[in-house]
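Each chain, written out:
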Amino acid sequence: MNLSSASEQIPVKHSVDMNQVVGTHDILMITLDTLRYDTAVLEQENCPNLCGSGPWEKRHSPGSFTYAAHHAFFGGFLPTPADPDKSSHVRLFHSRNTGMKTHPHTWLFDTPDLVSGLAAEGYHTLCIGGVIFFTKKVPLARVLPGYFQRSFWRMNFGVTHPQSTKHQVDHALKILDTIPTDERFFLFVNVSAMHGPNHIFLPGAKRDSVDSQRAALRYADAELGRLFDAVRRRSNPAFCMALSDHGTAYGEDGYEGHRLAHETVWTVPYREFML
Ligand SMILES: [Zn+2]
């Protein structure tokens, strides 16, 4: 376990005041595509980079597949705590002037989505794509990357590549090098490794399972350490959200996959931390 990274990660106390974050901090959003909550918890001890400062929170996703969930996220609707006490949950982001009462710690944006809202605050908005909805190959797959000023996708970022996270992180580091250290960025990365086929990360496995998704998560965590180290080296505080967009079913109650309503799909891991 990489204890040096773990000790440098500062947990975020609830609730973080996003009005003290936006404008001063770099912001990372990392979606661990298709990662199930139970898989994430089983690998917590083996993920020093994602879980160095604490455990995963159990949350419910607003979407059952990538396209729906990311539209919600970029609209400011992040997964909500898996807890009936909805009133104690403070939202990080919210559209301004909706007429709804918002918490003083919630950052309000005046644009259709939080990505363009951060751009309006002077942020460079950057997207490193992963799964099919970020490939930009067809008009539909350009919608989500289209939220960002700069978006990137390569074959080796995709779900079938056994070193996808390495290539995604390598590219992110290259792009961050182009951002002056006195300017702020919002970096979004859609990590594709945990999406099917994830059995490519477990030697001998012929089909996807919780075990093969665990192997994919261990792989992705190790690669993300390089990204977090690079962000720390920039010497500007950074706020990071790490979350899954939806889970997936591996035969539970007869269900396979996602884009369906099942506890294995709507329950997702979520974390916030400072780098
Ligand atoms: Zn997804």
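Computed from a prediction, not measured in an experiment: that's the story for all the values here. (Residues numbered from 1 in each chain as written. Predicted model: local features only at pLDDT ≥ 70, side-chain atom pairs only at ≥ 80, totals over all residues. Heavy atoms only, no water.)

Caption draft 1: Summary view of the coordination of the zinc ion. For the zinc ion, the full set of protein donor atoms is Asp 33 (OD), Asp 33 (OD), Thr 66 (OG1), Asp 245 (OD) and His 246 (NE2), and the range of their distances to it is 2.0 to 2.6 Å. Mapped onto the sequence, the donors of the zinc ion take the spacing D-x32-T-x178-D-H. A residue pair is termed long-range when its members are at least 10 positions apart, and Asp 33 in the loop between β2 (26-32) and α2 (37-42) and Asp 245 in the loop between β10 (238-243) and β11 (249-250) qualify at 212 residues. On the basis of relative accessible area, Asp 245 is assigned to the buried category, the value being 0%. (Donors = N, O, S within 2.8 Å, 3.2 Å for Na, K, Ca; no water. Helix = DSSP H or I, 4+ residues; strand = E, 2+ residues; numbered from the N terminus. Buried < 20%, exposed > 50% of the residue type's maximum accessible area, 1.4 Å probe, protein only.)

Caption draft 2: Geometry of the packing of aromatic side chains. The final tally for this structure, using the stated rule, is 12 aromatic pairs. Summarising the aromatic geometry, the rings of Phe 93 and Trp 107 are spaced 6.4 Å apart at their centres and angled 90 degrees between planes, so their arrangement reads as edge-to-face. You can see Phe 93 sitting in strand β5 (residues 93-95) and its partner Trp 107 sitting in strand β6 (residues 107-109), a full 14 residues away along the chain. Trp 107 carries the same exposure label as Phe 93, and that label is buried. With centroids separated by 6.0 Å and ring planes inclined at 20 degrees, the aromatic side chains of Phe 148 and Phe 186 adopt a geometry described as stacked. With Phe 148 in the loop between β7 (124-128) and β8 (150-152) and Phe 186 in strand β9 (residues 185-191), the pair connects residues that are 38 residues apart, well separated along the chain. Of the two residues, Phe 148 and Phe 186, neither departs from the other in class, the shared state being buried. Put simply, the rings of Phe 74, Phe 134, Tyr 147, Phe 148, Phe 186 and Phe 188 pair up and form one aromatic cluster. (Phe/Tyr/Trp six-rings, centres within 6.5 Å; stacked < 30°, edge-to-face > 60°.)

Caption draft 3: A look at the pattern of salt bridges. By the definition in use, this model includes 12 salt bridges. With a closest N to O distance of 2.8 Å, Asp 26 and Arg 184 form a salt bridge. Of this pair, Asp 26 sits in strand β2 while Arg 184 sits in the loop between α5 (164-176) and β9, and the two are 158 residues apart along the sequence. Between Asp 38 and Arg 36 there is a salt bridge; the shortest N-O distance is 2.8 Å. Asp 38 gets classed as partly exposed once you look at its relative accessible area, which sits at 33%. It is possible to trace a salt-bridge network through shared partners that takes in Lys 166, Asp 170, Glu 223 and Arg 226. (Salt bridge = Lys/Arg side-chain N within 4 Å of Asp/Glu carboxyl O.)

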